[in-house]
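Report on the structure
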Amino acid sequence: MTTKRPDLICLADVKSLPVPWIWEGYLAFGMLAMLSGDPDAGKTFIALAIAADLSTGRIPVVGKACDPISTLYLSTENAAEYVIKPRFDAQGGNPGRFHLLRGSIEGDDDSAKKSGITLKDISVLESALKETGAKLVVIDPLQSYLGAEVDAHRSNETRPVMDGLINLAERTNTCVLIVRHLSKASGGRAIHRGLGSIDLTGAVRTEMIAGGPANDPNNRAVIQIKNNVGKRAPSLGYEIVEDGASARLVWLDETQLTANDLLEADVQEQGRSDIDLAIEFLKDELANGPKRQTELVESGGFSGRTLQRAFQRIEGKRSRECERGSVLWSLPDHSRQNDHTRQLSMLTPMQELSPMPTDPKTLERCPG
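On a predicted model such as this, the values are computed, not experimentally measured, just so you know. (Residues numbered from 1 in each chain as written. Predicted model: local features only at pLDDT ≥ 70, side-chain atom pairs only at ≥ 80, totals over all residues. Heavy atoms only, no water.)

Read from one edge to the other, the open sheet built from three strands follows the order S14-S16-S15, with strand pairing classed as antiparallel. Of all strands in the sheet, those bounded by a partner on one side alone are strand S14 (291-292) and strand S15 (317-320). With two bridges joining them, S14 and strand S16 (residues 327-330) adopt antiparallel strand pairing. Bridge assignment links Arg292 to a residue of S16, and that residue is Leu328. (Pairing = 2+ DSSP bridges. Helix = DSSP H or I, 4+ residues; strand = E, 2+ residues; numbered from the N terminus.)

Below you can see the structure in the form of structure tokens.
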């Protein structure tokens, strides 16, 4: 049996280097970036516009010449022939530098078996990068590729996936642009509004949100809410215009719109209380089964007290993972569909639970 030994780097042996930007302030080689937004914000238009510019050797918006860059695109929501190809062509892209990864193939000839792909299939992703020579990977959207066994709201499940992508990006000197939806929760900082664990944002070096104010949805902008490797990049206006049989994205001038402008609730939403919005959030998040209370507080953008009151209003059920484990929330009419959850609920009957603390830091985890 071999003995593990430390893998050390002395900082004195490290050479400081400038950030290898593809598009300065927004996308860099060897790093992860995120683009978040509501449905119909134009996230796919933005991703395709970026890929189209780079495929012809143009830096997006700036227009400065660069070496042409190929893209490896993962998408299940949009059909290649009806959506992706027409939009990419409308942006003036070079289709020879755009490759769709539809899944994986195992075996040869008649025995070959096709299957889907998740972000855990790092070897397949790396092989696709080598075969295509792509230096930009677009994952559109993230939720389609996490895999059924990964809960987007659980950092202990999402972090290994993101770490695998980080290592892939560094090893292949590739930029990975992750597209995801925003949560329905209102309030809180913009950086907490992406759907899923805050750890998803923690794993990327830059993040942008896209969309327009609720009272002026066509006044759209891409706004940076995180940049760990440089100064915040300018907010960029954009519009989606009809172009013959298709539509295309047109970049506009820099804008004064802020992230708060994009996330501000519309008049109808303002007429609803935070409790009502929290109730809607809980019903959506718990529709497929129990989740940890701490993760709901982390991802929801509501105060612990508001979420607790909303949970009481829907007469939700509480259980624990074990005697001193994390508190689980579920809907009152949710039928537990797996043996593991049934066993957990038997370990700690609901009537024996003490009142739940609202501060996530006070909740105790299972021993060991």
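The next subject is the sheet that holds strand S5 (residues 98-100). Across the sheet, nine strands lie side by side as S5-S4-S8-S9-S3-S10-S11-S12-S13; this open sheet has mixed pairing. The open sheet has two edge strands with one neighbour each: S5 and strand S13 (246-254). Neighbour to neighbour, the strand axes of the sheet diverge by 25° on average, direction disregarded. Here six bridges tie strand S10 (residues 206-211) to strand S11 (residues 220-227), and the two strands are oriented antiparallel to one another. Bridge assignment links Thr206 to a residue of S11, and that residue is Asn227. Together, strand S4 (71-75), S5, strand S12 (236-243) and S13 form the strand contacts of helix H2 (residues 80-90), whose direction differs from that of S13 by roughly 45°. (Axes fitted to C-alpha atoms, helices over the stretch in contact; angles between N-to-C directions. Contact = heavy atoms within 4.5 Å.)

Our focus in this paragraph is the environment of Phe311. Within the secondary structure, Phe311 sits in helix H10 (residues 304-313). Remark: the alpha-carbon pair of Phe311 and Lys283, spanning 28 residues in sequence, is separated by 9.3 Å. Discounting chain neighbours no more than four positions away, the residues touching Phe311 are Leu282, Gly316, Lys317, Arg318, Trp329 and Ser330.

A few words on the pattern of salt bridges. A complete count under the given rule lists 12 salt bridges for this structure. A salt bridge links Lys85 to Asp89; its shortest N-O distance comes to 2.7 Å. A residue pair is termed a helical-turn pair when its members lie 3 or 4 positions apart in one helix, as Lys85 and Asp89 do in helix H2 at four residues. Residue class for Lys85 comes out partly exposed when judged on its relative accessible area of 40%. You can call Asp89 partly exposed: its relative accessible area is 36%. One network of salt bridges, in which partners are shared, links Asp151, Arg154, Glu157, Glu285 and Lys291. (Salt bridge = Lys/Arg side-chain N within 4 Å of Asp/Glu carboxyl O. Buried < 20%, exposed > 50% of the residue type's maximum accessible area, 1.4 Å probe, protein only.)

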